[in-house]
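Close look at the chain arrangement
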Amino acid sequence: MIHNAQLIKQGAEAKVYLAPFCQRQTIIKERFTKAYRHPTLDKKLTSRRVVQEARCLSRCQKARIDTPTVYMVDTENYLIYMEYIEGYSVREYLVTPEGQTESAQTKVAQEIGRALGLMHNIDVVHGDLTTSNLLMRSETGGSVVLIDFGLSYVSQLVEDKAVDLYVLERAFSSTHPNTEAMFEQILKAYGESGKASKQILKKLEDVRMRGRKRSMLG
Ligand SMILES: Nc1ncnc2c1ncn2[C@@H]1O[C@H](COP(=O)(O)OP(=O)(O)OP(=O)(O)O)[C@@H](O)[C@H]1O
């Protein structure tokens, strides 16, 4: 690992470091290999996931969706070097109500909805939308950046995109009480910026219904 790297998150699947690289602070995400898998298969699967994550990040960036710029991919060591976003997460923003105005919250919701609409337009499904995976750039006064494409993939399916939104809705309702109105604003902005967004929002109603049935059945 790079000299002076500081571990900032140790997850179940990856370690995330902050380290100087080419004279700037850089995020280095390192995926683990799994000891229980056959070594050859494991190498293949782990490097495939690294490539998939980097590809989805680059695909978003090409479409001008604010995501960390990928500087380098090292498939031998399962590393992605990417831009460090100085800022805070939407989760942190929402749990610190001081200084939050209604209009500022509306702006954040509109940016999230727009970013998700654009991402789904290019058929990227994030796969793990939570308020921790939405960062706000300090530099620009809090514009929204999408991060953690570790579970992302390319799909044209309306169902996959609706489930993506549903995952975020559940994250909002379980982590942030009284944010139903904000989530509605996210969906409104999403509806205005996505190509097939009306169809996807319709599908979201079915996905919600299934979710409710499942929780009723326990
Ligand atoms: N580009 C970035 N800029 C700033 N902070 C970042 C960046 N990427 C990740 N982080 C920080 O590191 C944390 C963990 O990163 P990430 O969510 O990508 O990893 P993970 O959840 O462990 O990975 P995965 O879900 O792919 O297994 C984030 O919540 C965020 O705080």
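Preceding this section is the structure that the text describes.
Now for a description of the structure that goes with this document. (Residues numbered from 1 in each chain as written. Predicted model: local features only at pLDDT ≥ 70, side-chain atom pairs only at ≥ 80, totals over all residues. Heavy atoms only, no water.)

1. What to know about the pairing of strand β8 (residues 134-137)
In the case of a regular strand, side chains alternate between the two sheet surfaces. So the rule is basically this: Relative accessibility thresholds used throughout: buried, under 20% of the residue-type maximum; exposed, over 50%; partly exposed, between the two (1.4 Å probe, protein chains only). Working definition: helices are DSSP H or I runs of at least four residues, strands are E runs of at least two. Numbering for both runs from the N terminus. A pair of strands is treated as paired once DSSP finds two or more bridges between them.
Neither face of β8 is exposed, since Leu134 and Met136 on one face and Leu135 and Arg137 on the opposite face are all buried. Across 4 bridges, β8 lies against strand β9 (residues 143-146) in antiparallel orientation. If you follow Met136 over to β9, its bridge partner there is Val144. The turn linking β8 back onto β9 is made up of 5 residues, and Gly141 within it adopts a positive phi angle of 80 degrees.

2. With respect to the site of the ligand
Defined as follows: It suffices for a single heavy atom of a residue to lie within 4 Å of a molecule or strand for the residue to be listed as near it. Whenever a nitrogen or oxygen atom comes within 3.5 Å of another N or O atom, the pair is scored as a polar contact, on the condition that within protein one atom can donate a hydrogen and the other can accept it, and that pairs from neighbouring residues in sequence are kept only if both atoms are in side chains. Ten residues, namely Ala, Val, Leu, Ile, Met, Phe, Trp, Tyr, Cys and Pro, are considered nonpolar, four, namely Asp, Glu, Lys and Arg, are considered charged, and the remaining ones, Gly among them, are considered polar. The domain limits used here are those given by an automatic or database domain assignment.
Inspection of the region around the ligand gives 17 residues, with Lys29, Arg31, Glu83, Ile85 and Asp148 positioned closest. In this structure, Glu83 approaches the ligand through a main-chain N or O atom, which is 2.9 Å from a nitrogen atom. The contact in question runs from an oxygen atom of the ligand to an N or O atom on the side chain of Asp148, over 2.9 Å. Taken together, the elements giving at least two residues each to the shell around the ligand come down to β3 (24-31) and β5 (79-83). With 3 residues, the single largest contributor to the shell around the ligand is β3. Within the shell around the ligand, the residues separate by chemical class into 8 nonpolar, 2 polar and 7 charged. No fewer than three residues from each of domain 1 (6-83) and domain 2 (87-217) sit in the shell around the ligand.

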